[in-house]
Amino acid sequence: MKIEQYNMPDELHYEENHFWVKEEGDLLVMGMDDFAQIMAGEIVYVQLPDEGKKLKLGKKFAKMESGKWLGKVFAPVNGELAEVNEELETNPGLINDDCYGKGWMYKIKPADKSEIENLIHGQDAVEKWVLADIEKYAQE
Amino acid sequence: MKLYNPGKVPWDESQLIYHALAALGREALSLVSPATPYVCIGFHQDAEQEVDLDYCRANHIPVFRRDLGGGAVYLDGEQLFFQLILRKDNPLIPKKKGTFYKKFLQPIINVYRQIGIAAEYKPVNDVIVETRKISGTGAGEIGDCIVFVGNLIVDFNYKMMARVLKVPDEKLRDKVHKTLRENLSTIRRELGEKEAKQWDESSLNGLMAKEFGKLLGPMEPCEKDQELQAKIDDLRARMVNEEWLHQKGKRVAGRDVKIRAGVKVVHKMHKAPGGLIRADYEVREKRFSDVCLSGDFFCFPEEAIKWLESGLEGRPTEEAPDLLKEFYSERDIETPGIGIDDWMMVLKV
């Protein structure tokens, strides 16, 4: 689904800080959505913690940087880190080039997969959420 | 808004104070300057790769990793730091990063203008005079706070800045030094020695406090209290040590030294099947400049490399693949074992 200039695929689940999540077998794949990567500009660094790191819903587990701004990445569910996209170590710009494909960031082994249902999902919900954020940013 | 204005402080405290204030969730403006020089790297950087640690050790120059963005810098008492700590939910914080930088760099621009320097904002996060940068910045999220730091540059030791960086050879170091001098200015350079002397540390800090006050509301001067000192001590134990400094940073192929937004010095090497290629150049506003290509590969005719260098000069970096295609198709040039993909390994920025 295209919401204004932002590509927000319908099938994905979204965390409120604009990270997407999707199921892949027993794991969840996570990355940054199009709205966030456009707002961030050129991404120069993504922290890739060690696999096995425990993730606590809503808590910071990694950092990333664009425009000299070091930001945080929050866990969308409880679980542990199963895999990181090693390619981002040398080429974090993959997130800008292909945020839903080659620019994926982490794979998570969820403690309870059903937690994904608490994320923003479905055309209406995603549209309402993104339009609200577009408006917040436009007010500046 | 609390104002901490202790002036000169021990080098590590000039970094630890804002980390501590943020960790305590205290909104504040801190105005400090280090009593002795040190090198400060950005959170994502690899100390070993960015800084000549042997030189720093031998010359008693400490190296510190901050928990904020931006790159490696040589800092000393001729730079006056501003450190703004705001809680994330503060309504004064714009959501867009560009708007944030523009808003909170305005006090610095105003200070420069008041002392007679025609500073301007340059997106995303620079303050410039004509084309020269005159304030360094870094930002990030620490605890529940947004932290924005930067400096007024009274004077700058260009030679030391170029010296403390790790570069593959002296030729590149000279290039970094030259490019720094061209692209980074200071109060002393802009105003001249005599005029600049009118503005001492205390008066410049006073101007910064006044200008930030216009944005943030009345400033309440504060001294370090026990809780803040304890947090500083706690963070010193955690951040002023080899383990914190040497944590894994971003590994990059080659060497990029960012001078200011839009200007960087690049050195890259690539082992192609036909031999080693070395490229040294500057990127200025997304265009190649001062390109030097060398290596141990075979090229016929020999002068073709000079043609490629001059062909790249001044051209947009994104056009490199097209330029390389033209280079090979329009002339009878042979570089056995080296193709366009190999060149792109050193020319992709």
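### As for the domain arrangement of chain B
All names here are of chain B.
(1) Moving on: Segmentation of chain B into domains returns domain 1 (2-245) and domain 2 (262-347).
(2) Moving on: For domain 1 and domain 2, the distance between their C-alpha centres works out to 37 Å.
(3) Moving on: With 11 residues of domain 1 in contact, the opposing surface of domain 2 contributes 11 residues.
(4) Moving on: Surface buried jointly by domain 1 and domain 2 totals about 860 Å² across both partners, of which 49% is contributed by carbon and sulfur atoms.
(5) Moving on: The three residues of domain 1 that bury the most area against domain 2 are Leu-172, Lys-175 and Thr-179, which together make up 45% of that side's buried surface.
(6) Moving on: In this structure, the connection of domain 1 to domain 2 is made through five salt bridges.
(7) Moving on: Residues Lys-175 and Asp-290 are paired through a salt bridge, measuring 2.7 Å at the closest nitrogen-oxygen approach.
(8) Moving on: Looking at which element gives the most residues to the side of domain 1 that touches domain 2, the answer is helix 6 (residues 170-183), with eight residues.

### Some details on the packing of helix 1 (residues 13-23) of chain B against helix 10 (residues 226-239) of chain B
Residues and elements named next belong to chain B.
(1) Moving on: The interhelical angle for the contact between helix 1 and helix 10, taken along N-to-C directions, is 115°, at an axis separation of 9 Å. The angle between helix 1 and helix 10 places the two elements in the roughly perpendicular class. For the pair helix 1 and helix 10, the crossing hand works out as right-handed. Between helix 1 and helix 10, the contacting residues are Glu-13, Leu-16, Ile-17, His-19, Ala-20, Leu-21 and Ala-23 on the first element and Leu-228, Lys-231, Ile-232, Leu-235, Arg-236 and Met-239 on the second.
(2) Moving on: Split into classes, the residues belonging to the contact of helix 1 with helix 10 amount to nine nonpolar, one polar and three charged.

### Quick look at the pattern of salt bridges
Residues and elements named next belong to chain B.
(1) Moving on: Following the criterion strictly, the structure yields 39 salt bridges over all chains and no others.
(2) Moving on: Across the pair Asp-12 and Arg-236 runs a salt bridge whose closest N-O atoms are separated by 2.8 Å. Taken as a pair, Asp-12 in the loop between strand 1 (2-9) and helix 1 and Arg-236 in helix 10 lie far apart in primary sequence, 224 residues in all.
(3) Moving on: Take Arg-236: its relative accessible area is 25%, and that puts it in the partly exposed class.

### Let's talk about the sheet that holds strand 4 (residues 63-65) of chain B
Hydrogen bonding along the main chain pairs the strands of a sheet, whether they run parallel or antiparallel.
All names here are of chain B.
(1) Moving on: Across the sheet, which stays open at both edges, the three strands sit in the order 4-3-5 with mixed pairing between neighbours. Bordering the open sheet on either side are strand 4 and strand 5 (73-75), each of which pairs with just one other strand. The mean angle between the axes of side-by-side strands here comes to 30°, regardless of whether they run parallel or antiparallel.
(2) Moving on: For strand 3 (residues 38-41) and strand 4, the ladder comprises three bridges, and the chain directions are parallel. Of the residues in strand 4, the one forming a bridge with Cys-40 is Phe-64.

### What about the layout of surface pockets?
(1) Moving on: Taken as a whole, the second largest pocket holds about 1000 Å³ of empty space.
(2) Moving on: Considering the residues around the second largest pocket, the lining is formed by 35 residues, among which Asn-17 and Tyr-137 of chain A together with Lys-95, Lys-97 and Glu-141 of chain B are closest to the centre.
(3) Moving on: Listed by contribution, the elements that provide at least two residues to the lining of the second largest pocket are helix 1 (34-40), strand 8 (60-66), strand 9 (69-74) and helix 4 (123-138) of chain A together with helix 4 (97-114) of chain B.
(4) Moving on: For the lining of the second largest pocket, the per-class residue count stands at 18 nonpolar, five polar and 12 charged.

### Looking at the environment of Trp-11 of chain B
Residue and element names in this part refer to chain B.
(1) Moving on: The topology assignment puts Trp-11 in the loop between strand 1 and helix 1.
(2) Moving on: For Trp-11, a relative accessible area of 15% translates into the label buried.
(3) Moving on: Trp-11 sits 186 residues away from Lys-197 along the chain, and the two C-alpha atoms are 24 Å apart.
(4) Moving on: Residues in contact with Trp-11, not counting those within four places in the same chain, are Pro-34, Thr-36, Tyr-38, Pro-62, Phe-64 and Val-240.

### Topic: the packing of aromatic side chains
Within a pair of aromatic rings, the relevant descriptors are the distance that separates the centres and the angle that separates the planes.
Residue and element names in this part refer to chain B.
(1) Moving on: All told, the structure shown has 21 aromatic pairs over all chains when counted by the stated rule.
(2) Moving on: Ring plane angle 65° and centroid distance 5.6 Å describe the contact between Phe-82 and Phe-148, whose orientation is recorded as edge-to-face. A residue pair is termed long-range when its members are at least 10 positions apart, and Phe-82 in strand 6 (residues 79-87) and Phe-148 in strand 11 (residues 145-153) qualify at 66 residues.
(3) Moving on: The exposure class of Phe-148 is buried, given its relative accessible area of 0%.

### Overview of the interface of chain B and chain A
(1) Moving on: Contact residues are listed per partner, giving 30 residues for chain B and 19 residues for chain A.
(2) Moving on: Summing both partners gives a buried area of about 2300 Å² for chain B against chain A, and 53% of it is carried by carbon and sulfur.
(3) Moving on: Ranking the residues of chain B by area buried against chain A places Lys-95, Glu-141 and Lys-250 of chain B at the top, with a combined share of 26%.
(4) Moving on: Run the count over chain B and chain A and you get one salt bridge.

### A look at unusual backbone geometry
Residue and element names in this part refer to chain B.
(1) Moving on: That bond from Pro-123 to Val-124 is cis: its omega, 5°, falls within 30 degrees of zero.
(2) Moving on: Locating Val-124 in the fold gives a position in the loop between strand 7 (120-122) and strand 8 (126-129).
(3) Moving on: Of note, the amide linkage connecting Phe-300 to Pro-301 takes the cis form, showing an omega dihedral of -10°.
(4) Moving on: With respect to the helices and strands, the residue Pro-301 is situated in the loop between strand 16 (287-295) and helix 12 (304-312).

Definitions and cut-offs
- Residues numbered from 1 in each chain as written.
- Chains lettered and ligands numbered in written order.
- Predicted model: local features only at pLDDT ≥ 70, side-chain atom pairs only at ≥ 80, totals over all residues.
- Heavy atoms only, no water.
- Domains from an automatic or database assignment.
- Contact = heavy atoms within 4.5 Å.
- Buried area = accessible area lost by both parts, 1.4 Å probe.
- Salt bridge = Lys/Arg side-chain N within 4 Å of Asp/Glu carboxyl O.
- Helix = DSSP H or I, 4+ residues; strand = E, 2+ residues; numbered from the N terminus.
- Axes fitted to C-alpha atoms, helices over the stretch in contact; angles between N-to-C directions.
- Parallel < 35°, antiparallel > 145°, perpendicular 65-115°, else oblique.
- Left-handed = near helix turned anticlockwise from the far one by under 90°.
- Nonpolar A, V, L, I, M, F, W, Y, C, P; charged D, E, K, R; others polar.
- Buried < 20%, exposed > 50% of the residue type's maximum accessible area, 1.4 Å probe, protein only.
- Pairing = 2+ DSSP bridges.
- 1 Å grid on protein atoms, 1.4 Å probe; cavity = no way out; pocket = protein on both sides within 12 Å on 5 of 7 lines; lining within 4 Å.
- Points joined across faces, edges and corners; volume = space filled by probe spheres on them.
- Phe/Tyr/Trp six-rings, centres within 6.5 Å; stacked < 30°, edge-to-face > 60°.

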